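An overview of the molecular structure
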Amino acid sequence: MSKLHLVFGGRVSDPRTLDFDDLDSIEIVGMFPDYKSAEKAWRAAAQRTVDDAEMKYVVVHLHRLVQPDLIAKLGN
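Keep in mind that this is a model prediction, so the values were computed, not measured.

What to know about the side chain of H5
Mapped onto the elements of the fold, H5 is located in strand β1 (residues 5-11). According to the relative accessible area criterion, H5 is buried, its value standing at 2%. Here H61 takes part through its side chain, which lies 3.1 Å from a polar atom of the side chain of H5. Those residues in contact with H5 that lie beyond four places of it in its chain are G30, M31, F32, D34, Y35, A38, V59, V60, H61, L62 and H63.

Pasting the structure below:
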């Protein structure tokens, strides 16, 4: 079973939070079948904006949202 991940990012009002300033301008980096490839894409996107503290990229574990009962069974 693939563990689907989403990588996206954008400008945040405070770098300590995930409060994105403009949801219409969020960049969708992509969907990935595993954490390793999602992390690689996240690192590349974050590196492009390393000098801009208000830009933040995140990895979302979509498989945990789609199949929450699986988390309880596996303990992940």
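After presenting the structure, the write-up continues.
Topic: the sheet that holds strand β3 (residues 55-61)
Across the sheet, three strands lie side by side as β2-β1-β3; this open sheet has antiparallel pairing. Strands at the two margins of the open sheet, each flanked by one partner only, are β2 (27-32) and β3. Strand after strand, the sheet turns through a mean of 15° between neighbouring axes, direction not considered.

Some points on helix α1 (residues 35-48)
For α1, built from 14 residues, the straight-helix expectation of 20 Å at 1.5 Å per residue is met to within 8% by its first-to-last C-alpha distance of 20 Å. Within the span of α1, buried status applies to A38, A41 and A45. With its buried residues spanning 65° around the axis, α1 presents them on a single face. Exposed and facing more than 90 degrees away from the buried side of α1 are K36, K40 and Q47. Residues of α1 that are buried make contact with β1, β2 and β3.

Structural notes on the pattern of salt bridges
The final tally for this structure, using the stated rule, is five salt bridges. Ionic pairing is found between R11 and D52, a salt bridge with its closest N-O pair at 2.8 Å. Note that R11 is positioned in strand β1 and D52 in the loop between α1 and β3, a separation of 41 residues in sequence. Here R16 ties to D14 by a salt bridge, and the two come within 2.9 Å at their closest N and O atoms. Its relative accessible area of 73% is what places R16 among the exposed residues. Here the residues in one salt-bridge network are R11, D52 and E54, joined through shared partners.

Some words on the nonpolar core
Counting six residues, the largest nonpolar core is built from L6, F8, V12, F20, V58 and L62. If we ignore the near neighbours within four places in the chain, the residues touching L6 are I28, G30, M31, V58, V59, V60 and L62.

Each value, and the rule that gives it
- Residues numbered from 1 in each chain as written.
- Predicted model: local features only at pLDDT ≥ 70, side-chain atom pairs only at ≥ 80, totals over all residues.
- Heavy atoms only, no water.
- Helix = DSSP H or I, 4+ residues; strand = E, 2+ residues; numbered from the N terminus.
- Buried < 20%, exposed > 50% of the residue type's maximum accessible area, 1.4 Å probe, protein only.
- Polar contact = N/O pair within 3.5 Å; in protein donor to acceptor, adjacent residues only side chain to side chain.
- Contact = heavy atoms within 4.5 Å.
- Pairing = 2+ DSSP bridges.
- Axes fitted to C-alpha atoms, helices over the stretch in contact; angles between N-to-C directions.
- Expected span 1.5 Å × (residues − 1).
- Arc of directions from axis to C-beta.
- Salt bridge = Lys/Arg side-chain N within 4 Å of Asp/Glu carboxyl O.
- Core = buried A, V, L, I, M, F, W, Y, C linked by side-chain atoms within 4.5 Å.

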